[in-house]
Amino acid sequence: MHPPGPPFRRLFSRRTRRSRADEPRRIRAMTPDPLRALWPRRIVVAPMAGGPSTVALVVAAANAGALAFLAGGYKRAADLTSEINAVRASTAEAFGVNVFVPGSSTAWPAGTAAYVESLGPDIEAVGAAPGRPVWDDDDWAAKISALLANPPAVVSFTFGCPPRDLVEAFRAVGSVVSVTVTSPQEAVLAAGAGADCLCVQGIEAGAHRGTFTNYGPPDTGVELLALIIEVARVTDLPQIAAGGIMTARSVAAVLDAGAAAAQCGTAFLRCPESGAHPAHKAALADFRFTSTRLTRAFSGRPARSLVNQFMLDHPEAPAAYPEINHATRPLRAAAAQRGDLDRMSLYAGTGFKQATARPAAEIIDDLVGKT
Ligand SMILES: Cc1cc2nc3c(=O)[nH]c(=O)nc-3n(C[C@H](O)[C@H](O)[C@H](O)COP(=O)(O)O)c2cc1C
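Residues numbered from 1 in each chain as written. Predicted model: local features only at pLDDT ≥ 70, side-chain atom pairs only at ≥ 80, totals over all residues.

Caption draft 1: Fine view of the overall build of the protein. When its secondary structure is counted, the protein shows 15 helices and eleven strands. In summary, the protein has a C-alpha radius of gyration of 20 Å against a globular reference of 21 Å for 371 residues, a match within 12%. The C-alpha extent of the protein, read off along each of the three principal axes, is 60 × 45 × 40 Å. Relative to its full complement of 371 residues, the protein shows a buried share of 53%. Taking the intrachain contacts of the protein between residues at least 6 apart in sequence as the baseline, contacts between residues at least 24 apart amount to 70%. (Helix = DSSP H or I, 4+ residues; strand = E, 2+ residues; numbered from the N terminus. Rg over C-alpha atoms; globule rule 2.2 N^0.38 Å. Buried ≥ 20, exposed ≤ 12 C-beta atoms within 10 Å, placed from the backbone. Contact = placed C-beta atoms within 7 Å.)

Caption draft 2: Molecular detail of the sheet that holds strand S4 (residues 154-158). As summarised here, the arrangement of the eight strands in space is S1-S2-S3-S4-S5-S6-S8-S9, forming a closed barrel in which the pairing is parallel. Within this sheet the neighbouring strands show an average axis-to-axis angle of 25°, counted without direction. In this structure, strand S3 (residues 96-100) lies alongside S4, joined through five bridges in parallel fashion. In the sheet register, Gly96 faces S4, and the bridge partner there is Val154. Contacts between helix H3 (residues 55-63) and the sheet are confined to strand S1 (43-45) and strand S2 (67-71), with S2 contributing the most and set at about 170° to the helix. (Pairing = 2+ DSSP bridges. Axes fitted to C-alpha atoms, helices over the stretch in contact; angles between N-to-C directions.)

Caption draft 3: Seen up close, the environment of Glu168. Locating Glu168 in the fold gives a position in helix H8 (residues 164-172). Using a count of 14 C-beta atoms within 10 Å as the deciding quantity, one classes Glu168 as partly exposed. As a C-alpha pair, Glu168 and Ala193 span 25 residues in sequence and 8.8 Å in three-dimensional space.

Caption draft 4: Main features of unusual backbone geometry. In this structure, the amide linkage connecting Tyr321 to the following residue, Pro322, adopts the cis form with an omega of 10°. With respect to the element layout, Pro322 can be found in the loop between helix H13 (309-313) and helix H14 (323-338). You will see that Asp138, though not glycine, has its phi angle at about 60°, which is positive. For Asp138, the position within the fold is in the loop between helix H6 (120-126) and helix H7 (140-149). For Phe159, which is not glycine, the phi torsion reads 75° and is therefore positive. If you trace the backbone, Phe159 turns up in the loop between S4 and H8.

Caption draft 5: Spatial organisation of the site of the ligand. Among the 30 residues in the neighbourhood of the ligand, the closest are listed as Ala49, Gly206, Ala207, Gly265 and Gly349. Residues belonging to the shell around the ligand are distributed by class as follows: 14 nonpolar, 15 polar and one charged. (Near = placed C-beta within 6 Å. Nonpolar A, V, L, I, M, F, W, Y, C, P; charged D, E, K, R; others polar.)

Caption draft 6: Looking closely at the nonpolar core. By size, the foremost hydrophobic cluster in this structure holds 113 residues, and its most contacted members are Ala61, Leu198, Ile240 and Ala262. With seven residues, H3 is the single largest residue contributor to this core. Once residues lying within four places of it in the same chain are set aside, the contact partners of Ile240 are Val44, Ser178, Cys197, Leu198, Cys199, Val200, Ala259, Ala260, Ala261 and Gln263. (Core = buried A, V, L, I, M, F, W, Y, C linked by C-beta atoms within 7 Å.)

Caption draft 7: Structural detail: the environment of Arg293. Here Arg293 lies in strand S10 (residues 292-295). The contacts of Arg293, once residues within four sequence positions are left out, are Arg304, Ser305, Val307 and Met311.

Caption draft 8: Expanded view of the packing of helix H4 (residues 77-90) against H7. Across the interface, H4 lies against H7 with an axial gap of 9 Å and an inter-helix angle of 30°. In terms of orientation, H4 and H7 fall into the roughly parallel class. For the element pair H4 and H7, the recorded crossing hand is right-handed. Seen from H4, the contacting residues are Ala77, Leu80 and Thr81; seen from H7, they are Ala142, Lys143 and Ala146. Of the residues belonging to the contact of H4 with H7, the class tally is four nonpolar, one polar and one charged. (Parallel < 35°, antiparallel > 145°, perpendicular 65-115°, else oblique. Left-handed = near helix turned anticlockwise from the far one by under 90°.)

Caption draft 9: Examining the sheet that holds strand S7 (residues 207-208) more closely. Spatial ordering of the open sheet is given by S7-S11-S10, a layout of three strands whose pairing is antiparallel. The open sheet terminates on both sides in strands that have one partner only, identified here as S7 and S10. By the bridge criterion, two bridges tie S7 to strand S11 (residues 303-306) in an arrangement that is antiparallel. What sits directly across from His208, in S11, is Ala303.

Caption draft 10: Representation of the environment of Ala319. Counting through the fold element by element, Ala319 comes out in the loop between H13 and H14. Exposure remark for Ala319: the 21 C-beta atoms within 10 Å place this residue in the buried category. Distance from Ala319 to Ile245, taken between C-alpha atoms, is 28 Å for residues 74 residues apart in sequence. Look past the residues within four positions of Ala319 in its chain and what remains in contact with it is Thr106, Asn214, Tyr215, Arg296 and Gly300.

Caption draft 11: Geometry of helix H9 (residues 184-192). When H9 is considered as a whole, its buried residues turn out to be Glu186, Ala187 and Ala190. Buried positions in H9, seen along its axis, are confined to an arc of 105° and lie on one side of it. Buried-residue contacts for H9 involve strand S5 (176-181), strand S6 (197-201) and helix H10 (224-234). (Arc of directions from axis to C-beta.)

Caption draft 12: Fine view of the pairing of S6. The buried fraction of S6 amounts to five of the five residues, a majority that puts the element mostly inside the structure. What you see with S6 is no split at all: Cys197, Cys199 and Gln201 on one side and Leu198 and Val200 on the other are buried throughout. As paired elements, S5 and S6 share four bridges and run parallel to each other. Opposite Val181, over in S6, you have Val200 as the bridge partner. Following the chain from S5 across H9 to the adjacent parallel S6, one finds a crossover that is right-handed. Note: S6 against strand S8 (residues 239-242), four bridges, orientation parallel. Counted as the bridge partner of Gln201 is Ala242 from S8. (Right-handed = clockwise from strand over helix to strand, strands pointing away.)

Limitation: the analysis is restricted to geometry and does not speak to function.
Next comes the structure, spelled out in structure tokens:
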């Protein structure tokens, strides 16, 4: 462990005073890990870009003893800074911020153009303007500068591995660095870059896979319990396990497998503090939707979504992120506004049927096993 800088030191002294004597023995009895002060209840509320992660969700979860993340993805740096300041104004508890590591532009612009062309009937059906399939870096440099100037307790990266000098820069300002990995190979790279911990994402997880690259068939990957064990064979970094965790039993299973904490996204999508679109929340509780699947149809990157007609109609979307994400944005927004569940992206993990509309603090109590 690196010597803790100011935010982590503050958090450590505060969090170690917290008493959770009422929690089940199973959870208290787990082996301590060096970052335990970050997740006293071993629950992490996932960053969920595109609306679900709100200041209210992060504040409610942090006050309930979970480590919660703001989602930096798809936002300008200035808007992310406003959210960070709003969380700080509402709670003294620690929280994290997640950013997308930019990839390269698509290697197949002609395939991307043909795919965008094929969306014509859907665009017409919802009365949207066509989006432009352009590459961008999601305001990466400005977000990194803003976070280094105003460091949160944890910074997490997805879609790639940050370079070692950037990891060291965050450690120097006192932020713990987490990297999302989906395979032992990615875990080795993240450990080599100096990460403090890993978010180990199983194939069950909702929304985008955090893979370092965007190649190959969208539906390949390892189930979470196996992945925790595979990753532990190559590194002893603390693991935050993510993917399909919806109940205290599944939290217990990942902790038993060796994870240090359980990260949940879908479990919080329907809660009142979630900013998910009301149509998305309704779809999660709609018996019409019976399964999820990984698809590139909405964004050009594999993402798990409730199976709807748009996914069935566009099974061969090319690997082109963020180009396709930009191209489908107006279509998705217009579909959401009309409540057209067959043309929206309904991102969710495999456990979506167990998502409830209860307040975040109650969901956290349920996940810990406190009734
Ligand atoms: C709607 C939604 C949006 C998400 N956005 C992000 C994101 O911005 N950054 C990130 O690292 N993970 C994101 N994730 C993935 C979560 O970090 C986590 O891996 C996933 O939610 C775990 O699986 P679960 O949804 O079954 O709990 C998102 C998940 C969902 C459901």
